[in-house]
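Per-entry structural report
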Amino acid sequence: MAAYQTFTSARATEPDRTSLLAQLRALDATAGVQHDPGTSTYRIKKATDWTGPQVTAAQNVLDTAPASTPQLTAQAKIDSMDIFDKARDLLILDQFNLMRAKLRGLGVTGIPDLTVAQYLQAMKDKAGTL
Amino acid sequence: MATISTRPLPHHFAGEWGPNQVADLEEDLIVTNEDLGLVATFAQTVSDRVDALTAAAAKPIAALPAGGAFWGTGGGEDGADGFPGGPGPMGPIGPMGVPAFFPTDGEDGIAWPGAVGATGAGGAPASSAPTTTGTETALALPVGTGPLTLYLNNATLLTVQGIAAGIADQLLFVFSKGAGQVDFAHLHASGTALGKLQLFATSGLTSLAAGVGVAVFQYDLAATVWRLVAHEQGAWITPAYNAGDFTASAGTWTVDAGDLPLFRYRLSGRRLLIQYSIELTTISTTPFSLNFAIPGGYLSLNQSVVASVVIYDNGAVGQGGKAFTAAGGGAVVKLTKLNDLAFAASTNVTSVYGTAEFEVQ
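Report on the accompanying structure. For every chain, the first residue of its written sequence is number 1, and the numbers climb from 1 along that sequence. Lettering of chains starts at A and numbering of ligands starts at 1, both following the order in which they are written. This being a predicted model, a pLDDT of at least 70 is required before a residue's local features are given, and a value of 80 or more before pairs of side-chain atoms are given or counted; all residues contribute to the totals for chains, interfaces and linings. Side-chain metrics rest on all non-hydrogen atoms present in the structure, leaving aside hydrogens and water.

**Here we look at the overall build of chain A**
The number of helices and strands found in chain A is five helices and three strands. Helix and strand assignments follow DSSP, with helices taken as H or I runs no shorter than four residues and strands as E runs no shorter than two, numbered in order from the N terminus. For chain A, the sequential pattern of α-helices and β-strands runs β-α-β-β-α-α-α-α. A buried classification covers 32% of the 130 residues belonging to chain A. Long-range contacts, defined as pairs at least 24 residues apart, comprise 65% of the intrachain contacts of chain A with a sequence gap of at least 6. Accessible surface, chain A: about 7,800 Å² in total, of which carbon and sulfur atoms supply 63%. Exposed residues in this analysis have more than 50% of their type's maximum accessible area, buried residues have under 20%, and partly exposed residues fall in between, with area computed by a 1.4 Å probe over protein chains only. Contacts are assigned to residue pairs with any non-hydrogen atoms lying within 4.5 Å of each other. The protein chains shown are the only cover counted for residues, whose accessible areas, like all others here, come from Shrake-Rupley with a 1.4 Å probe.

**Focus: the interface of chain B and chain A**
On the side of chain A, 14 residues touch chain B, which itself brings 16 residues to the contact. Here the quantity called buried area is the total loss of accessible area, with a 1.4 Å probe, experienced by two parts when brought into contact, counted for both. With both chains or domains summed, chain B and chain A bury close to 1,200 Å², and 54% of this area falls on carbon and sulfur atoms. Definition used for salt bridges: Asp or Glu carboxyl oxygen within 4 Å of a side-chain nitrogen of Lys or Arg. At the boundary of chain B with chain A, the tally comes to three salt bridges. For the salt bridge of Asp-256 of chain B with Lys-45 of chain A, the shortest nitrogen-to-oxygen distance reads 2.8 Å. Think of a polar contact as two N or O atoms within 3.5 Å of one another; within protein, one of them needs to be a possible hydrogen donor and the other a possible acceptor, and neighboring residues in sequence only count if both atoms come from side chains. Inspection of the region where chain B meets chain A yields ten residue pairs in polar contact (both at pLDDT 80 or more). Contributing elements (two or more residues each) for the side of chain B that touches chain A: strand E14 (271-283) and strand E19 (346-359) of chain B. The element best represented in the side of chain B that touches chain A is E19 of chain B, accounting for four residues. When grouped by side-chain class, the residues that make up the side of chain B that touches chain A number seven nonpolar, six polar and three charged. Classification convention: Asp, Glu, Lys, Arg as charged; Ala, Val, Leu, Ile, Met, Phe, Trp, Tyr, Cys, Pro as nonpolar; all other residues, Gly among them, as polar.

**Remarks on the nonpolar core**
All names here are of chain B. Core analysis: the largest hydrophobic core is formed by 32 residues, its most contacted members being Trp-253, Tyr-276, Ile-278 and Leu-335. Going through the elements one at a time, strand E11 (246-248), strand E13 (262-268), E14, strand E15 (290-293), strand E16 (304-312), strand E18 (332-337) and E19 are the ones with two or more residues in this core. If you tally residues by element for this core, the top one is E14, at five residues. Setting aside chain neighbours within four positions, we find Ile-278 in contact with Phe-246, Trp-253, Val-255, Asp-259, Leu-260, Phe-263, Phe-292, Thr-350, Ser-351 and Val-352. To qualify as a nonpolar core, a set must consist of buried Ala, Val, Leu, Ile, Met, Phe, Trp, Tyr and Cys residues joined through side-chain atoms within 4.5 Å. Core analysis: the next-biggest nonpolar cluster, separate from the first, contains 21 residues, Leu-139, Leu-158, Tyr-219 and Leu-228 among them.

**Comments concerning the pairing of E15 of chain B**
Note: E11 of chain B against E15 of chain B, three bridges, orientation antiparallel. Bridge pairing in E15 of chain B links Ala-248 of chain B to Leu-290 of chain B. When DSSP finds two or more bridges between two strands, those strands count as paired.

**Concerning the pattern of salt bridges**
All names here are of chain B. The final tally for this structure, using the stated rule, is 13 salt bridges over all chains. In this structure, Arg-266 engages Glu-232 in a salt bridge whose closest nitrogen and oxygen atoms are separated by 2.8 Å. Placement of the pair is Arg-266 in strand E13 and Glu-232 in strand E10 (residues 225-232), with a sequence separation of 34 residues. You can call Glu-232 partly exposed: its relative accessible area is 37%.

**Notes on helix H5 (residues 116-129) of chain A**
One less than the residue count of a helix, multiplied by 1.5 Å, gives the span that helix is expected to have. Compared with the 20 Å implied by 1.5 Å per residue over 14 residues, the 20 Å span of H5 of chain A between its first and last C-alpha is a close match. Looking at the buried residues of H5 of chain A, the elements they touch are helix H3 (70-79) and helix H4 (83-105) of chain A.

**Observations concerning the packing of H4 of chain A against H5 of chain A**
How two helices pack is summed up by the angle between their axes together with the distance between the axes. Residue and element names in this part refer to chain A. To get an axis, fit a line to the C-alpha atoms, keeping to the stretch in contact for a helix; angles then go from 0 to 180 degrees between the N-to-C directions. Across the interface, H4 lies against H5 with an axial gap of 11 Å and an inter-helix angle of 115°. Our pair here, H4 against H5, has a crossing hand that is right-handed. Taking contact as the criterion, the partners of Asp-89, Leu-90, Ile-92 and Leu-93 in H4 are, on H5, Val-116, Tyr-119 and Met-123. By residue class, the composition of the contact of H4 with H5 is six nonpolar, no polar and one charged. In this scheme, a crossing is called left-handed if the near helix is turned counterclockwise away from the far one by less than a right angle; it is called right-handed if the turn is clockwise.

**A closer look at the sheet that holds strand E2 (residues 32-34) of chain A**
All names here are of chain A. Within the open sheet, the three strands sit side by side as E1-E3-E2. Their pairing is antiparallel. If you trace the sheet from one side to the other, it starts and ends with strand E1 (3-8) and E2, each paired once. Looking at each pair of strands side by side, their axes are set apart by 25° on average, direction ignored. Bridge count between E1 and strand E3 (residues 41-46): six bridges; the pairing is antiparallel. What sits directly across from Tyr-4, in E3, is Lys-45. Each of E2 and E3 touches helix H1 (residues 17-27); the most contacted strand, E2, lies at about 140° to it. Contacting E1 and E3, helix H2 (residues 52-64) runs over the sheet at an angle of about 45° to E1.

**Structural notes on H3 of chain A**
All names here are of chain A. Along H3, the residues classified as buried are Gln-75, Ala-76 and Ile-78. Within H3, the buried residues cover an arc of 155° as seen down the axis, which keeps them to one side. For H3, the exposed residues set more than 90 degrees away from the buried face come down to Pro-70 and Lys-77. Buried-residue contacts for H3 involve H1 and H5. This arc is built from the directions going out from the helix axis to the C-beta atoms.

**Describing the sheet that holds strand E9 (residues 214-220) of chain B**
All names here are of chain B. Sheet architecture is open: six strands sit in the order E1-E3-E5-E9-E10-E7, paired in mixed fashion. Looking along the sheet, the strands with just one partner apiece sit at the ends: strand E1 (126-128) and strand E7 (196-198). Neighbour-to-neighbour, the strand axes of the sheet open up by a mean angle of 25°, direction not taken into account. Across five bridges, strand E3 (residues 148-152) lies against strand E5 (residues 171-176) in parallel orientation. In the strand pairing of E5, Tyr-151 is matched with Phe-175.

**Structural notes on the packing of aromatic side chains**
Aromatic rings in a pair are described by how distant their centres are and how their planes are angled relative to each other. Residues and elements named next belong to chain B. Two rings belonging to Phe, Tyr or Trp (six-membered ring only in the last case) form a pair when the distance between their centres is within 6.5 Å. Interplanar angles under 30 degrees mark stacking, angles over 60 mark edge-to-face geometry, and anything in between is tilted. According to the stated counting rule, one finds ten aromatic pairs over all chains in the structure shown. Geometrically, the ring pair formed by Phe-246 and Trp-253 is edge-to-face, given 5.8 Å between the ring centres and 85° between the ring planes. Trp-253 carries the same exposure label as Phe-246, and that label is buried. Members of the aromatic cluster, connected to one another through ring pairs, are Phe-246, Trp-253, Phe-263, Tyr-276 and Phe-292.

**Focus: a nonpolar patch on the surface**
Patches were defined on residues exceeding 30% relative accessible area and lacking a salt bridge, with like-charge contacts within 9 Å and nonpolar side-chain contacts (Val, Leu, Ile, Met, Phe, Trp, Tyr) within 5 Å. On the surface, Leu-103, Leu-106 and Val-108 of chain A cluster together to form a nonpolar patch covering roughly 280 Å² of accessible area. We classify Leu-106 of chain A as exposed; its relative accessible area is 70%.

**Remarks on unusual backbone geometry**
Residue and element names in this part refer to chain B. With a phi angle near 60°, Leu-280 is a residue other than glycine that sits in the positive phi range. Accessibility expressed as a relative area gives 0% for Leu-280, which makes it buried. A positive phi is found at Asp-340, a non-glycine position, where the angle reads about 60°. Along the chain, Asp-340 falls in the loop between E18 and E19.

What follows is the structure in structure tokens.
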């Protein structure tokens, strides 16, 4: 039985959608949130009835979740990259690893292949600095 | 005017007048038969001249011959008076005269039409306020031969499949007055044969929102149906929640009752408008479309993209989507992403928002 709870937050910034959902799901894996930017209300749904501590914890998440920024939005987009973008980027990674392998063959050390996870995390880290 | 002289006086006298001269003059003034003949000849000449001038006057002025006096040439003496001159130029047009009034009987004229007669006494109007609920196959009417009015005061849903027979061309006004919605069914098989309802939209119900909707029917005696003349739903109608109204092209799309903060429709003629906010839903797998049943039970008339959609797929940042109806009597509205990719499997985080407008059968 789905259970809904409506919250109000006095925060002055818009929360980063991905971060907010991740933090709420840390409280309850079935949690989902609906919020219209520019409003102060949040509607959270989860599979089981709400308890008092859960309400308090959720309110805290709503009030403190990081604010939406272009950097966070870009990082979220990297996480949900579609196949076209991923294919383009991973092809570059393949070529890069090929050059690294040749360099290793020439005796250069300290340049192991980059994994896909490392590559994508490097992209996210870079986005965070822009 | 000079005295007409037919012959020169025999005596020209330049001195003082005496008895002899007077006697001579008296002799000269004696009129003889010869004199009378000359006078007659002269008169005839004058008459001829006058006739000629009269005839000339009837012609346009420019064609008139120049008039002029004809002077006599008697040897040194005054000649006879000439003929009168021709007519002068035509004078200015005078003021219009007052029309003459002839007090005689005229022809018989056409008479004015008579005054429009007063409207005849119409049939007696009548009204009633039934509280019946549920399904009516022959909804009772108030007794009257004039326009009828039903103030439906049903507390819960009333579905009307037929109405008792009326008289030819009789008007029936139906107002929703109660707390319950009123639904009319088109030519429903269960409706009375003497009063089925001929509606605009034939594939679904035509509704009156509780307390505000209104409809007008007119009885078609030849077809024994009540024909819908006008309909105003009165307000948006939110259909009753039904989990089975929400499906996916693959797997399941779970939409709980609380996932529908807004889901309503409005019918105008055959134009159906739907507003929906379907949020925090669950998708079991990766379907390419999410579907919801057209509320009111209508079938779409054509296949068409009917609206744009905002989709939050698996809680991700919003993206565009489209809604479309199926050809040839589709019963659902399909929602897809603009990029034609599948939805992600998700739990309580996929939302879609939009409006849809299309023609129904």
